[in-house]
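Overview (structure and organization)
For reference, the chains in residue letters:
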Amino acid sequence: MSDFNNELILLAPLSGLLAPLSAVPDPVFSAGILGPGLAIDPTSDELLAPCDGKVTQLASTGHALTLTAANGAQILLHIGIDTVQLRGQGFTPCIAENDTVHAGDVLIRFDIGRIAAAVPSLMTVLVLGNSDDFSVACGLSPGVVQAGQRGLWRIRPKAASPGPVSGAVHGDATTVRRSFVLACPGGLHARPAARAMAAAKAWKAEVVLHYQGRQARLSSLVELLHLGAGESASLELLASGVDAAAAANAVIAELQREGAGEAEALSEDAGADPVRMTVASQGPVVAAPGIAVGALWWWKDAEVQLTEMGQGVEQERQALDRAIEQAHVQLAAAIEKAQQHGAESEAGIFAVHQALLQDPLLRTQADRLMAEGKSAGFAWHVSTRAQAESLAALDERRLAERASDMRDLEKRVLRNLSTATGQAVGGALVLPEGEESVVLAAQEFTPSDLVGLDVSRIVALLMVGGGPTSHAAIIARQLGLPCLVAVGGGLRDALQGAPIIVDADHGRLTLAPSEAELVSAKERVQQRKLRHAAEHKASFDQAIMRDGVRIEVAANIGNLADARQAVAHGADAIGLLRTEMLFMSDDQAPTVAEHTRTCQAIVDAMEGRGVIIRTLDIGADKHVGYLELPFEANPALGLRGIRLGWWKPALLEDQLRGLLALRTAGPLRILLPMVTEVSELLALREHIQKLATSMRSNQRVELGVMVEVPSAALLADQLAQHADFLSIGTNDLTQYALAMDRGQPQLADRLDGLHPGVLRLIKTTVEGAARYGRWVGVCGALAGDLLAVPVLVGLGVSELSVDAGLVPSVKARLRGLSQNECREQMQALLQLPSAQAVRAHSQHCWPL
């Protein structure tokens with residue numbers, strides 16, 4: 001209700017006990033981070049509209065909404081504390097976004113008993129979101145109120161309320177306004193937002209995005225995420241400054257890239273079969289496949305004992321500075337370690353954490369609280385929790401899942417702050433004694449919980465919340481553990497230590513299994529263990545098919561530790577050494593001697609087995625300290641692979657000199673990435689010969705071409721005339737042939753190397769190589785796909801290079817096949833219409 005002064009008088013939205021906001025048991029609200037407000041501990045189960053207005057935001061979980069009144073006041077209504085984690089269970093919204101409502105209308109019905117049993121508090125909060133524009137006064141005193149009771153709160157516009165940034169008129173040389181449609185699949189989430197920020201940073205301009213009444217500066221990743229802009233959202237951009245036009249063009253180009261999604265898939269040559277997400281009907285979501293039986297055990301974060309008041313503003317700010325700087329160092333080390341092991345997805349996760357850590361919005365809020373006398377730890381805790389809560393309430397699932405990243409940053413910095421005080425912060429994991437198999441569960445793991453986790457006794461992971469594209473889920477897949485997410489609050493009904501069955505092959509969780517179910521599941525687990533043990537024992541023998549044909553099974557590696565794992569798993573050779581991974585964390589480009597030293601150690605570790613060494617394959621999508629690459633709207637099509645060598649010839653020459661100095665048992669095999677035509681191969685062969693002559697090297701060199709772009713496959717006969725071998729990178733070949741970004745999760749089910757179009761390119765490659773007697777290998781993910789193995793063999797591939805852990809199973813698969821029988825199926829298989837049809841045909845002919 002409003003009076004003639006445009007004053008808004010609110011009704012009580014609930015019956016219950018009215019209390020000041022400071023009484024809410026959550027500093028996100030009680031500290032006023034989200035704005036001024038009040039709270040009601042409810043006794044009624046219907047949330048009523050406190051005034052006339054429009055529902056401008058409704059959380060997908062149904063626990064919160066924003067109501068915008070006619071005078072512009074934005075009122076946030078939030079039922080309970082931590083209720084977002086219930087994922088909508090117990091809430092029934094009676095309205096939808098953009099609905100117009102009247103004071104007293106029912107907005108949300110909720111199961112008060114069910115929710116009260118599952119969350120810390122039912123305290124329901126009413127907050128004014130745009131308090132800079134309005135003054136407020138509480139009308140009712142703390143105490144019992146009835147739903148619909150008038151005079152709860154009075155809100156009045158300030159006399160000189162500044163409106164939203166309106167920009168400048170068209171034609172101003174230093175101000176540009178543009179409208180555009182967001183093309184990023186999945187909306188404006190962390191990766192495209194970070195890239196847009198990088199694009200804007202290169203220009204002298206201030207850029208602001210506007211969406212549905214909200215605005216975000218391009219200098220703040222948090223603000224960009226809070227826009228909540230989904231795929232195909234219509235945005236307005238306002239840029240001001242001397243480079244306004246250029247900045248606007250760069251940002252819009254980045255946000256209109258159809259492939260600007262977050263790279264959540266495994267890296268190009270990871271050798272593992274891409275995980276295809278499935279959701280069981282009304283059940284958990286599969287984040288990583290497998291089956292496990294174990295005792296349920298909960299991961300618990302230690303209580304954070306924070307002192308609210310500080311020891312002085314300057315002292316607290318310095319303490320926070322040190323803790324944040326330490327976090328930067330820790331994240332840089334985590335990125336380096338991930339890159340060294342070829343775990344590009346994990347490295348990307350911590351790169352996003354670094355961007356969030358640098359966000360000015362987090363620090364501004366923390367500084368304001370410290371200026372009010374709060375301690376550094378309390379200020380950081382409140383600031384990050386406020387942003388996490390806001391992100392978790394967004395309708396865009398991928399954006400909401402970034403809330404766990406914010407909580408991870410909170411724990412990391414608080415852990416650093418606690419070092420001097422001895423306060424406990426972070427995960428406290430003590431596994432039960434006597435239990436060999438533990439299923440570890442949590443409300444939601446954060447990435448730092450899982451990195452470095454000792455998984456020797458852990459057989460599976462469960463998350464009450466979370467999603468399959470959350471960063472913790474990605475790391476769970478890299479750990480090779482079966483993992484279910486979004487399991488729901490029913491998991492908490494299971495007793496600590498009770499046996500449970502996790503079937504992440506089919507998205508099933510059995511909390512109270514019968515004895516028969518336990519026996520059956522354990523038999524399946526045991527059968528897998530026995531099969532894997534037998535495969536590993538036989539992995540040191542050659543892979544001889546039933547008709548006597550030998551297929552070499554090699555390993556893809558990124559460092560010396562990987563080489564040792566390859567030997568331990570029976571790899572016949574190294575089919576791909578990603579040399580860029582050896583120096584990703586260096587600030588200076590590697591010298592000739594460093595190239596020789598690092599690669600010689602790997603050659604020696606292989607004990608006479610062959611090693612194929614790929615020259616540096618670095619693009620704008622990989623951060624390298626010693627190489628300042630220009631911004632590229634599409635790094636997959638830019639300065640990558642051998643193209644980088646033409647652009648930075650000294651970098652390539654130093655590497656080639658270092659490789660020519662190696663001592664190898666057989667020929668030195670060098671693989672050239674991203675070759676598109678024969679002239680590139682001829683120029684490099686001539687250059688290598690001249691270098692060898694100048695060095696007086698007697699090393700016998702075999703030069704290979706990586707077939708990863710369609711032109712190389714179509715020109716395979718020309719390339720084979722001058723190359724010694726061809727190696728197919730099926731992940732890049734698939735993304736280029738199908739025009740699908742391999743880092744786009746929404747396309748994961750369709751980005752399949754068994755697509756008939758891709759298989760025809762492989763067939764063309766093998767036939768072109770055969771004209772000159774050259775052999776062809778596959779070093780992409782398809783080589784480790786057991787359904788693809790008979791298809792590749794049937795097409796004439798003679799070498800498969802996979803992740804070291806897959807060598808035993810691939811060799812076992814080959815021993816059960818006949819090359820002639822595989823070839824007989826190729827004509828029919830290549831006529832099939834889709835990858836799904838090819839997989840079905842392969843399963844029928846060569847069942848797993």
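Note that the structure is a prediction, hence the values are computed from the model and not measured.

Once that is clear, we can look at the overall build of the protein chain. The helix and strand inventory of the protein chain stands at 28 helices and 36 strands. Looking at the protein chain as a whole, 55% of its 848 residues qualify as buried.

The strands making up a sheet are joined through hydrogen bonds of the backbone, oriented either antiparallel or parallel. Taken in spatial order, the seven strands line up as E19-E25-E24-E23-E20-E26-E27 in an open sheet, and their pairing is mixed. One side of each edge strand has no neighbouring strand; the edge strands of this open sheet are strand E19 (285–288) and strand E27 (508–510). Direction aside, neighbouring strands of the sheet carry axes that sit 30° apart on average. Here strand E20 (residues 291–298) runs beside strand E26 (residues 499–503); their pairing, made up of five bridges, is antiparallel. Bridging from a neighbouring strand, Val 293 pairs with Ile 501 of E26.

A word on the sheet that holds strand E4 (residues 46–48). The three strands lie next to each other as E4-E10-E8, forming an open sheet whose pairing is antiparallel. Of all strands in the sheet, those with a lone pairing partner are E4 and strand E8 (91–93), marking the two edges. Neighbour-to-neighbour, the strand axes of the sheet open up by a mean angle of 20°, direction not taken into account. Here three bridges tie E4 to strand E10 (residues 106–110), and the two strands are oriented antiparallel to one another. Each residue of the ladder has a partner; that of Leu 48, found in E10, is Val 106.

Turning to the pattern of salt bridges, a few remarks are in order. For the structure shown, the criterion picks out 28 salt bridges. Notably, a salt bridge pairs Glu 7 with Arg 156, separated by 2.7 Å at the nearest N-O pair. With Glu 7 in the segment before strand E1 (8–11) and Arg 156 in strand E14 (residues 150–157), this residue pair connects regions lying 149 residues apart in the sequence. Judged by its relative accessible area of 36%, Arg 156 falls in the partly exposed class. Its salt-bridge partner being Arg 669, residue Glu 702 comes within 3.1 Å of it at the nearest N-O pair. Placement of the pair is Glu 702 in strand E33 (residues 701–707) and Arg 669 in strand E32 (residues 668–672), with a sequence separation of 33 residues. Shared partners join several salt bridges into a network, and the residues in it are Arg 317, Asp 321, Arg 363 and Asp 367.

With 82% of its residues at a pLDDT of 70 or more, the protein chain has an overall mean of 81. Between residues 424–428, whose pLDDT stays under 50, and residues either more than four places distant or in other chains, the model counts 18 contacts.

For helix H14 (residues 515–538), spanning 24 residues, the distance from its first C-alpha to its last is 34 Å, which sits close to the expected 34 Å at 1.5 Å a residue. Those residues of H14 not exposed but buried are Leu 518, Ala 521, Val 525 and Glu 535. Buried residues along H14 sit in contact with E20, E26 and helix H25 (807–815).

Here the focus is the environment of Glu 702. On the basis of relative accessible area, Glu 702 is assigned to the buried category, the value being 13%. Each C-alpha atom of the pair Glu 702 and Leu 668 lies 6.0 Å from the other, and the pair is 34 residues apart in sequence. Leave out the neighbours within four places in its chain, and Glu 702 touches Pro 667, Leu 668, Arg 669, Ile 670, Asp 724 and Phe 725. Among the polar contacts listed, one links the side chain of Glu 702 to the side chain of Arg 669, at a separation of 3.1 Å.

This paragraph deals with helix H11 (residues 403–418). Taking 1.5 Å as the rise per residue, H11 with 16 residues should run 22 Å; its terminal C-alpha atoms sit 23 Å apart, in good agreement. Burial runs high along H11: 14 of the 16 residues are buried.

The next point concerns the nonpolar core. Formed by 86 residues in total, the largest nonpolar core has its most connected members in Leu 726, Leu 759, Ile 762, Leu 800 and Leu 814. Apart from residues no more than four positions distant in its own chain, Leu 814 is found in contact with Ala 543, Met 545, Ile 551, Val 553, Val 789, Val 793 and Leu 800. The next biggest cluster of nonpolar side chains, apart from the first, holds 36 residues, and it includes Leu 18, Val 119, Leu 128 and Leu 152.

For the structure shown, the criterion picks out two aromatic pairs. Each ring, one from Trp 299 and one from Phe 445, has its centre 6.1 Å from the other, and the planes form 70°; the classification is edge-to-face. Separated by 146 residues along the polypeptide, Trp 299 in the loop between E20 and strand E21 (300–301) and Phe 445 in the loop between strand E23 (438–442) and helix H12 (447–450) bring together distant segments of the chain. Note on Trp 299: relative accessible area 12%, which makes it buried.

Turning to unusual backbone geometry, a few remarks are in order. The backbone phi angle of Arg 696 is positive, close to 55°, even though this residue is not glycine. Position of Arg 696 among the secondary structure elements: in the loop between helix H19 (678–695) and E33. Of note in this structure, Ala 739 is not a glycine but carries a positive phi near 55°. Along the polypeptide, Ala 739 turns up in the loop between helix H22 (730–738) and helix H23 (756–770).

With that out of the way, let us pick up the side chain of Glu 316. Along the polypeptide, Glu 316 turns up in helix H6 (residues 313–340). Here Glu 316 is buried and forms no salt bridge, its nearest opposite-charge partner Arg 322 lying at an N-O distance of 8.3 Å. Among residues more than four places away in sequence, those in contact with Glu 316 are Gly 310, Gln 311, Met 370, Lys 374, Ser 375 and Ala 376.

Viewed as axis vectors pointing N to C, helix H18 (residues 649–660) and H19 meet at an angle of 55°, and their least axial separation amounts to 10 Å. With respect to their mutual orientation, H18 and H19 come out oblique. The crossing of H18 and H19 is right-handed. Residue-level inspection shows Leu 652, Glu 653, Leu 656, Arg 657 and Leu 660 of H18 in contact with H19, the latter providing Leu 684, His 687, Ile 688, Leu 691, Ala 692, Ser 694 and Met 695. A class-by-class count of the residues in the contact of H18 with H19 yields eight nonpolar, two polar and two charged.

The next subject is the side chain of Thr 579. In this structure, Thr 579 sits in the loop between strand E30 (574–578) and helix H16 (592–605). Owing to a relative accessible area of 1%, Thr 579 belongs among the buried residues under this scheme. At a separation of 2.7 Å, a polar atom in the side chain of Thr 579 contacts the main-chain carbonyl oxygen of Arg 614. With residues up to four places along the chain from it excluded, the contact list for Thr 579 reads Cys 599, Ile 613, Arg 614, Thr 615, Leu 616 and Gln 655.

All right, on to the pairing of strand E29 (residues 550–557) then. Counting buried residues along E29, seven of its eight residues qualify, which places the element largely inside the surrounding structure. Here two bridges tie strand E28 (residues 543–544) to E29, and the two strands are oriented antiparallel to one another. Counterpart to Ile 544 in the pairing with E29 is Arg 550. Joining the antiparallel neighbours E28 and E29 is a turn of five residues, in which Gly 548 adopts a positive phi near 90°. Alignment of E29 against strand E36 (residues 799–803), held across five bridges, turns out to be parallel. Bridging from a neighbouring strand, Glu 552 pairs with Glu 799 of E36.

Interhelical geometry of H16 versus H18 gives an angle of 45° and a closest axis separation of 7 Å. Between H16 and H18, the angle falls in the class oblique. Of the two possible hands of crossing, H16 and H18 adopt the one that is right-handed. Together, Val 592, His 595, Thr 596 and Cys 599 of H16 and Asp 654, Gln 655, Arg 657, Gly 658 and Leu 659 of H18 make up the contact between the two elements.

Conventions used here
- Residues numbered from 1 in each chain as written.
- Predicted model: local features only at pLDDT ≥ 70, side-chain atom pairs only at ≥ 80, totals over all residues.
- Heavy atoms only, no water.
- Helix = DSSP H or I, 4+ residues; strand = E, 2+ residues; numbered from the N terminus.
- Buried < 20%, exposed > 50% of the residue type's maximum accessible area, 1.4 Å probe, protein only.
- Pairing = 2+ DSSP bridges.
- Axes fitted to C-alpha atoms, helices over the stretch in contact; angles between N-to-C directions.
- Salt bridge = Lys/Arg side-chain N within 4 Å of Asp/Glu carboxyl O.
- pLDDT = per-residue confidence, 0-100.
- Contact = heavy atoms within 4.5 Å.
- Expected span 1.5 Å × (residues − 1).
- Polar contact = N/O pair within 3.5 Å; in protein donor to acceptor, adjacent residues only side chain to side chain.
- Core = buried A, V, L, I, M, F, W, Y, C linked by side-chain atoms within 4.5 Å.
- Phe/Tyr/Trp six-rings, centres within 6.5 Å; stacked < 30°, edge-to-face > 60°.
- Lys, Arg positive; Asp, Glu negative; His and termini not counted.
- Parallel < 35°, antiparallel > 145°, perpendicular 65-115°, else oblique.
- Left-handed = near helix turned anticlockwise from the far one by under 90°.
- Nonpolar A, V, L, I, M, F, W, Y, C, P; charged D, E, K, R; others polar.

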